[in-house]
Amino acid sequence: MERRDFIKNGTLAAASLSILPTGTLFAKDNGKVRLGYIGVGARGMSHISEGVLRDDVEIVAICDTQESSLKGCRAFIAKNGRPAAKEYTGSTDAYKAMLDRKDIDAVIIATPWQFHYEQAIYAMNAGKYVGCEVIAGLTVKEHWDIVNTSEKTGMPYMTLENVSYRRDVMAALNMLRQGLFGELIHVEGGYQHDLREVLFNNGKQYYGGGVEYGPKALSEAQWRTQFNIDQDGDLYPTHGAGPIINYANINKGNRFTNLVSFSSKAKGLANYVESQSPGHPNAKINYKNGDVTTTLINCANGETVMLTHDVHLPRPYSLGFRVQGTNGLWMDVNKSIHIEGKSKPHAWDSVNEWFAKYDHPLWKKYEKEAVGAGHGGMDWFVFNAFIVAVKNKKQTPIDVYDSVTMSVITPLSTKSLKEGNKPQEFPDFTRGKWKDRKSTFALDDSGF
Ligand SMILES: NC(=O)c1ccc[n+]([C@@H]2O[C@H](COP(=O)([O-])OP(=O)(O)OC[C@H]3O[C@@H](n4cnc5c(N)ncnc54)[C@H](O)[C@@H]3O)[C@@H](O)[C@H]2O)c1
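Rules of the game
- Along every chain, residues carry numbers that run from 1 in the direction the sequence is written.
- Two thresholds apply to this predicted model, a pLDDT of at least 70 for residue-level local features and 80 or more for giving and counting side-chain atom pairs, whereas whole-chain, interface and lining totals are computed over all residues.
- Heavy atoms throughout the structure, all of them, feed into the side-chain values; hydrogens and water do not.
- Think of a salt bridge as a Lys or Arg side-chain nitrogen and an Asp or Glu carboxyl oxygen that are within 4 Å of each other.
- Each helix is a run of DSSP H or I of at least 4 residues and each strand a run of E of at least 2, with the numbering of both proceeding from the N terminus.
- Think of it in three bands: residues with accessible area under 20% of the maximum for their type are buried, residues over 50% are exposed, and the middle band is partly exposed, with areas taken using a 1.4 Å probe on protein chains only.
- We call a set of buried residues a nonpolar core when its members are Ala, Val, Leu, Ile, Met, Phe, Trp, Tyr or Cys and they connect through side-chain atoms within 4.5 Å of each other.
- Any two residues whose heavy atoms approach within 4.5 Å are treated as being in contact.
- Polar contact is the term for a pair of N or O atoms within 3.5 Å; when the atoms are in protein, one must be able to donate a hydrogen and the other to accept it, and sequence-neighboring residues count only if both atoms are side-chain atoms.
- What makes a residue near a molecule or strand is one non-hydrogen atom of that residue sitting within 4 Å of it.
- Areas reported here follow the Shrake-Rupley algorithm with a probe of radius 1.4 Å; residue values treat only the protein chains shown as occluding.
- Residue polarity follows a fixed list, in which Ala, Val, Leu, Ile, Met, Phe, Trp, Tyr, Cys and Pro are nonpolar, Asp, Glu, Lys and Arg are charged, and the others, Gly among them, are polar.
- Side-chain rings of Phe, Tyr and Trp, where Trp is taken by its six-membered ring, are said to pair if the distance between their centres is within 6.5 Å; with planes under 30 degrees apart they count as stacked, over 60 as edge-to-face, and otherwise as tilted.
- In this scheme, the term charge over a ring applies when either NZ of a lysine or CZ of an arginine sits within 6 Å of the ring centre and within 35 degrees of the ring normal.
- A pair of strands is labelled paired if DSSP reports no fewer than 2 bridges between them.
- Here an angle of 0 to 180 degrees is reported between the N-to-C directions of two axes, which are lines fitted to C-alpha atoms, with helices fitted over the stretch in contact.
- Angle categories: roughly parallel below 35 degrees, roughly antiparallel above 145, roughly perpendicular from 65 to 115, and oblique for all the rest.
- Count a disulfide wherever a pair of cysteine sulfur atoms falls within 2.5 Å.

A. Representation of the pattern of salt bridges. As enumerated under the stated definition, the model contains 26 salt bridges in all. The residue R34 makes a salt bridge to E58 at a minimum N-O spacing of 3.5 Å. Of the two residues, R34 sits in strand 1 (residues 33-38) while E58 sits in strand 2 (residues 57-63), which places them 24 residues apart along the sequence. Classification of R34 as buried rests on a relative accessible area of 15%. By relative accessible area, E58 is classed as partly exposed at 22%. Between K96 and D93 there is a salt bridge; the shortest N-O distance is 3.7 Å. The network of salt bridges with shared partners includes R34, E58, R101 and D103.

Written out as C-alpha cells, the structure is:
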C-alpha cells in the first residue's frame, strides 16, 4: 500500500499540531535536539544508547543521584565518541539546575515513579518538552496538574510507551484501521511478566538471585518493590493501555468512561523469597499488591477493555493483547488471528502471514533503523517519535491527554479496590475535546 493511500484510508489524515505558544524559542536551530536526561539507570541508559547513535541529538546534560549510574553513562558516552555530558547530582533537587539551562530543548525522565510528577512539572515550566517513562503522577490530582501545566506552558508531554510501537501491535492497528476485524468490540492487554528477579536481587547484579529490595538492592528493586508492598492496584497499566488507546481511538472520538478493578490475594512475592532464602524476613512482609489485578474499563462508544497486571508469579512473558471486532480477532498469547470469511470457520490462522501482509508502513520504512534497538526495535521507534516531534516543534504523537489517560489507571484502580470494587468515573482530561479530536497516531511519518 502506498503511503498516500495509507493516510487516506486511515482514521483521518494527520493534522499539523503545533501547539507551542508563539515566542517559544529553542536554544538553537541547527536541526539538532539538545537533550537532558534525569535518571540514567537501566531505562535511561537505553534512551542514551538511542541518543548516541543519532546525528540530530546532542546529549547536553545528565542528572542522577547515584554515582554508579553516572559512571556507567559517562563511560558509555565516551566509548561512543560523543562529547561528555555535563553532570548534575548531589540531591533529589539536582535536576532543577539542569532544567534551568536555556540550551536544553527536551528532557527524558527515567527515574523512580515517585519523582516523575515534580520533575515533569518543573521541566514544562522551564519550557522543555517532556518524554517520561510509564507513570505521570501518583494521584488523580497530579495527573490533572500535568495536563494543566502542559496546556498553560504549551509544552508537550509524552509517555515514552514503547509497546505502542511494537511491530505486531502496529500490524494489528493497521488491520483494524483497514476494517479486517470489523467494528471494534473488545480489547485486552496488560503487563504480564514474571518480575520476581527484578523486584529482588543481591545488590551486585540486576538479575540472577537475591531477595533484597531497597538500599541493599540494585536498580528497580531499590524503589519499585516498595510500591508492591504498599499498594494494591494495576501498578503498570501503560504497556497495555498505550496500544489500546490507539485501537479504541481514546481521546479522539471515544473515551474511557469508568473502570472497576479486582485483585487476587498476594502470595507470589513472599513465596519467591521463601523459596530462595527460607526464613528470610522479606518472606514475612504483607505484600498489598495482589498477584493478578484485573481492571475493566467502559468506553463511550460501547467497547469494553480488560487490563491485567500480573508480575509476581512464574509465567512466560505475554502482554496478552486481544483485539476483537464484529469480523474477527487477534490474540497475542496464541499468536493467532481469525477473520470471518477468510479463515476456516472456527479455526485460527497463525499471525505470521497476516502480519507480514499488513506490516505497518512505518515498520516497513524504518525496519533497518530499528533493528538492534531495545525490545525488538520498538525502543528506536518511541525515541525517534519523541525526537522528531521536538525537532519539528510539533505535538508529540502520544500527547499529554493520552499520557495521563494511560497512567491515571493506577490511582483509579487502587481506589476501586479500596472501596470494595466500586466503579470509578474516568476523568475527561480533554474537557470535552475528545468528541472532535482525530486520531493521528502513526498515520504520517513526519512525527509518527
Ligand atoms: N518502557 C520500558 O520498557 C521500561 C523498562 C524499564 C523501566 N521503565 C521505566 O523507566 C523508569 C526507570 O526505571 P529503571 O529500570 O531505569 O530504574 P533504575 O532504578 O534502574 O534507574 C533509575 C535511576 O534514577 C536515579 N534516580 C533516583 N532518584 C532520582 C532523582 N530524584 N533524581 C535523579 N535521578 C534519580 C537512580 O539513581 C537510577 O540511576 C521507570 O519509570 C520504569 O518503570 C520502562
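B. Highlighting the nonpolar core. Among the nonpolar cores identified, the biggest contains 126 residues, and L35, I48, Y165, Y247, F256, W330 and F386 are the most heavily contacted of them. Discounting chain neighbours no more than four positions away, the residues touching L35 are V57, E58, I59, V60, A61, I104, A106, I108, F383, F386 and I387.

C. Looking closely at the environment of D428. The topology assignment puts D428 in the segment after strand 15 (424-425). In contact with D428, not counting residues within four places along its chain, are W144, R255 and W434. Polar side-chain contacts of D428 include one of 2.7 Å to the backbone nitrogen of G432. Side chain to side chain, D428 and W434 meet in a polar contact 3.4 Å long.

D. Broad picture of the site of the ligand. Within the structure, the ligand sits among 26 residues, and R43, D64, Q66, S69 and S219 are positioned closest to it. A42 is positioned with one of its backbone polar atoms (N or O) 3.0 Å from an oxygen atom of the ligand. Interatomic distance of 3.0 Å between a side-chain N/O atom of N162 and an oxygen atom of the ligand. Computed on the free molecule, the ligand has an accessible area of 850 Å², of which 94% lies beneath the protein chains in the complex. Among the secondary structure elements, those contributing two or more residues to the shell around the ligand are helix 2 (42-51) and helix 5 (113-125). Take the shell around the ligand: its biggest share by element is 4 residues, from helix 5. In the shell around the ligand, the residues fall into 9 nonpolar, 13 polar and 4 charged.

E. Representation of the packing of aromatic side chains in the model. Taken as a whole, this structure holds 23 aromatic pairs when the rule is applied. When the ring of W354 is compared with that of Y358, the centres are 6.2 Å apart and the planes differ by 20°; the resulting orientation is stacked. Taking relative accessible area as the criterion, Y358 reaches 13% and is therefore assigned buried. Taking the centre distance of 5.4 Å and the plane angle of 35° together, the rings of Y366 and W380 count as tilted. Placement of Y366 in helix 13 (residues 361-370) and of W380 in helix 14 (residues 378-391) is noted, with a sequence separation of 14 residues between them. Joined through ring pairs, the aromatic side chains of Y165, W363, Y366, W380, F381, F441 and F448 make up one cluster. Above the face of the Y88 ring, K86 is positioned so that its terminal group lies 5.7 Å from the ring centre.

F. Examining the pairing of strand 10 (residues 304-310) more closely. Of all 7 residues making up strand 10, 5 are buried, and the element is well covered by its neighbours. Bridging between strand 9 (residues 293-299) and strand 10 involves 6 bridges; their strand directions are antiparallel. Each residue of the ladder has a partner; that of L296, found in strand 10, is M306. What sits between strand 9 and strand 10 in their antiparallel hairpin is a turn of 4 residues, with G302 showing a positive phi close to 95°.

G. Expanded view of the sheet that holds strand 5 (residues 129-132). Here we have 6 strands laid out as an open sheet, ordered 3-2-1-4-5-6, and parallel in their pairing. One side of each edge strand has no neighbouring strand; the edge strands of this open sheet are strand 3 (86-88) and strand 6 (157-159). Strand after strand, the sheet turns through a mean of 25° between neighbouring axes, direction not considered. Bridge analysis of strand 5 against strand 6 gives 3 bridges, and the strand direction is parallel. Paired with C132 across the two strands is T159, which belongs to strand 6. In the packing of helix 14 onto the sheet, the strands contacted are strand 1, strand 2, strand 4 (106-109), strand 5 and strand 6, and the crossing angle to strand 1 comes to about 130°.

H. Layout of the packing of helix 2 against helix 14. The interhelical angle for the contact between helix 2 and helix 14, taken along N-to-C directions, is 75°, at an axis separation of 10 Å. Our classification of the angle between helix 2 and helix 14 gives roughly perpendicular. Judged by residue contacts, R43, S46, H47, E50 and G51 of helix 2 engage D379, W380 and F383 from helix 14. Looking at the contact of helix 2 with helix 14 residue by residue, the class counts come to 2 nonpolar, 3 polar and 3 charged.

I. Local environment of the state of the cysteines. Scanning the model with the defined rule gives 0 disulfides in all. With no disulfide partner, C63 has as its closest neighbouring cysteine sulfur the one in C73, 11 Å distant. C63 gets classed as buried once you look at its relative accessible area, which sits at 5%. No disulfide involves C132; its nearest neighbouring cysteine sulfur is the one of C63, lying 14 Å away. On the accessibility criterion, C132 (0% relative accessible area) is buried.

J. Local environment of the sheet that holds strand 15. With respect to topology, 9 strands assemble into an open sheet ordered 14-13-12-11-7-10-9-8-15, the strand pairing being mixed. Lying at the two open borders of the sheet, with one neighbouring strand each, are strand 14 (349-350) and strand 15. In the sheet, strand 12 (residues 328-331) pairs with strand 13 (residues 336-339) via 4 bridges, with the strands oriented antiparallel. Note on strand 13: the bridge partner recorded for L329 is H338. Contacting strand 7 (184-192), strand 8 (256-263), strand 10, strand 11 (322-325) and strand 12, helix 10 (residues 238-247) crosses the sheet at an angle of about 160° to strand 7.

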